[in-house]
Amino acid sequence: MGLNYNPASVIQGLVMYMDITNPRSYSGSGNTVFNLANSGIAATIITGITYDDNNKKNLNFNGSSGYMFSNDTSMNFGSSDFTIQTTLKLNGLSNGFTGAYDSVICAGAALTNNSSIFYVSGTASSHNGLGLWHQPTSTSIERLTNFQTNKVYNLAVTKNTSQIEFFVDGASIGTTSSSNYFNFTANGFAIGRWFAAGSEQYLKGNIYDLKAYNRA
């Protein structure tokens, strides 16, 4: 079955669906973005984000302070399978706190309780991979690929039993295995930022949608 919206979206296992192109998710004004999967609040715009009302509507994150926050817990997957998918455009590197330039897509608000981050990895000169970060093991799972700025990508990560697989525009860029528990909502759920004093990481780019499923 599909969500009754053009284009249709698969709904089996869908727990998070933020779609800026759909006025039911975001009207274009105010700070509240709704989760089409359950009609609740997906997240609240805190700061550093503008609305682009163009042919394909989106939210533009400034890369230094822009983020959204929610108390939604639907992306606490634990040891279960999951899929996270987003359509985004990278406009440049993040602010580079502590020498890292990762552009965060979604994250637990604090690195506790198996807190996890889905991000585009970067160096001082380029974005070069797609990855997951896990705490308290402080481990990063990444697969390398070169990203261009000002180009729209469809990005996804899946966990199927113990296999993690990353996708760019529908094509797999690699697999690995992990027995970690994954919780993207630890101490709250953030879109566009992971925060720890002196180690903030932000997204500099445009998000068009964000979906998460409790299945691979």
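Above this text you will find the structure in question.
In this report, we go over the structure that sits alongside the text. (Residues numbered from 1 in each chain as written. Predicted model: local features only at pLDDT ≥ 70, side-chain atom pairs only at ≥ 80, totals over all residues. Heavy atoms only, no water.)

Another point: the overall build of the protein. When its secondary structure is counted, the protein shows zero helices and 22 strands. By the compact-globule yardstick of 17 Å for 216 residues, the protein fits well, its C-alpha radius of gyration being 16 Å. The dimensions of the protein, computed from C-alpha atoms along their principal axes, are 40 × 35 × 30 Å. Taking all 216 residues of the protein together, 49% fall into the buried category. Across the protein, every contact between residues at least 6 apart in sequence was considered, and the portion connecting residues at least 24 apart equals 58%. Total accessible area on the protein stands at roughly 9,000 Å², and carbon and sulfur atoms take up 47% of it. Charged side chains of the protein number 11 positive and 11 negative; the gap between the two group centres comes to 3 Å. (Helix = DSSP H or I, 4+ residues; strand = E, 2+ residues; numbered from the N terminus. Rg over C-alpha atoms; globule rule 2.2 N^0.38 Å. Buried < 20%, exposed > 50% of the residue type's maximum accessible area, 1.4 Å probe, protein only. Contact = heavy atoms within 4.5 Å. Areas by Shrake-Rupley, 256 points an atom, 1.4 Å probe, with all protein chains shown as cover. Lys, Arg positive; Asp, Glu negative; His and termini not counted. Charge placed at Lys NZ, Arg CZ, Asp CG, Glu CD.)

Once that is clear, we can look at the environment of Ser125. Looking at the element boundaries, Ser125 is found in the loop between β12 (116–122) and β13 (127–134). On the accessibility criterion, Ser125 (66% relative accessible area) is exposed. Residues Ser125 and Leu93, spaced 32 residues apart in sequence, show a C-alpha to C-alpha distance of 7.7 Å.

Right, let's get into the environment of Thr185. Relative to the helices and strands, Thr185 is located in the loop between β18 (182–183) and β19 (189–191). Sequence separation between Thr185 and Phe77 is 108 residues; the distance between their C-alpha atoms is 9.2 Å. Those residues in contact with Thr185 that sit more than four places away from it in its chain are Asp72, Thr73, Ser74, Met75, Asn76 and Gly108. Engagement of the side chain of Thr185 in a polar contact is seen with the side chain of Asn183, the distance being 2.8 Å. (Polar contact = N/O pair within 3.5 Å; in protein donor to acceptor, adjacent residues only side chain to side chain.)

This next bit is on the pattern of salt bridges. Counted under the stated rule, the structure contains one salt bridge. Lys57 is the partner of Asp53 in a salt bridge, and the nearest nitrogen-oxygen pair spans 3.7 Å. (Salt bridge = Lys/Arg side-chain N within 4 Å of Asp/Glu carboxyl O.)

Another aspect to go through is the nonpolar core. If you look at the biggest cluster of nonpolar residues, it comprises 41 residues, and the most contacted ones within it are Met68, Ile84, Phe118 and Phe184. Considering every element that reaches this core, the biggest residue donor is strand β10 (residues 82–90), with four residues. Here Ile84 is in contact with Met75, Cys106, Phe118, Leu155, Ala156, Val157, Phe184, Leu210, Lys211 and Ala212, once residues within four sequence places are set aside. (Core = buried A, V, L, I, M, F, W, Y, C linked by side-chain atoms within 4.5 Å.)

A few words on the sheet that holds β12. What links the strands of a sheet is backbone hydrogen bonding, and the strands pair in either a parallel or an antiparallel sense. Strand order in the open sheet formed by eight strands is β4-β5-β8-β19-β11-β12-β13-β14, with antiparallel pairing between adjacent strands. Two strands in the sheet have a free side with no partner beyond their single neighbour: β4 (32–35) and β14 (139–144). Averaged over all pairs of adjacent strands, the angle between their axes in this sheet comes to 25°, without regard to strand direction. Summarising the sheet, β13 and β14 pair through six bridges and their orientation is antiparallel. Across the sheet, the residue bridging to Leu132 is Ile141, located in β14. (Pairing = 2+ DSSP bridges. Axes fitted to C-alpha atoms, helices over the stretch in contact; angles between N-to-C directions.)

Next up on the list: the packing of aromatic side chains. Scanning all chains against the criterion turns up seven aromatic pairs. Their ring planes at 65° and their centres at 5.6 Å tell us that Phe82 and Phe182 sit as a pair that is edge-to-face. Within this pair, whereas Phe82 is found in strand β10, its partner Phe182 is found in strand β18, the two being separated by 100 residues in sequence. Exposure remark for Phe82: the relative accessible area of 0% places this residue in the buried category. Classification of Phe182 by relative accessible area gives buried; the value is 1%. Their ring planes at 75° and their centres at 5.6 Å tell us that Phe82 and Phe184 sit as a pair that is edge-to-face. Of the two residues, Phe82 is situated in strand β10 and Phe184 in the loop between β18 and β19; the sequence distance between them amounts to 102 residues. Just as Phe82 is buried, Phe184 falls in that class too. Every member of this aromatic cluster is reached through a ring pair, and the members are Phe77, Phe82, Phe182 and Phe184. (Phe/Tyr/Trp six-rings, centres within 6.5 Å; stacked < 30°, edge-to-face > 60°.)

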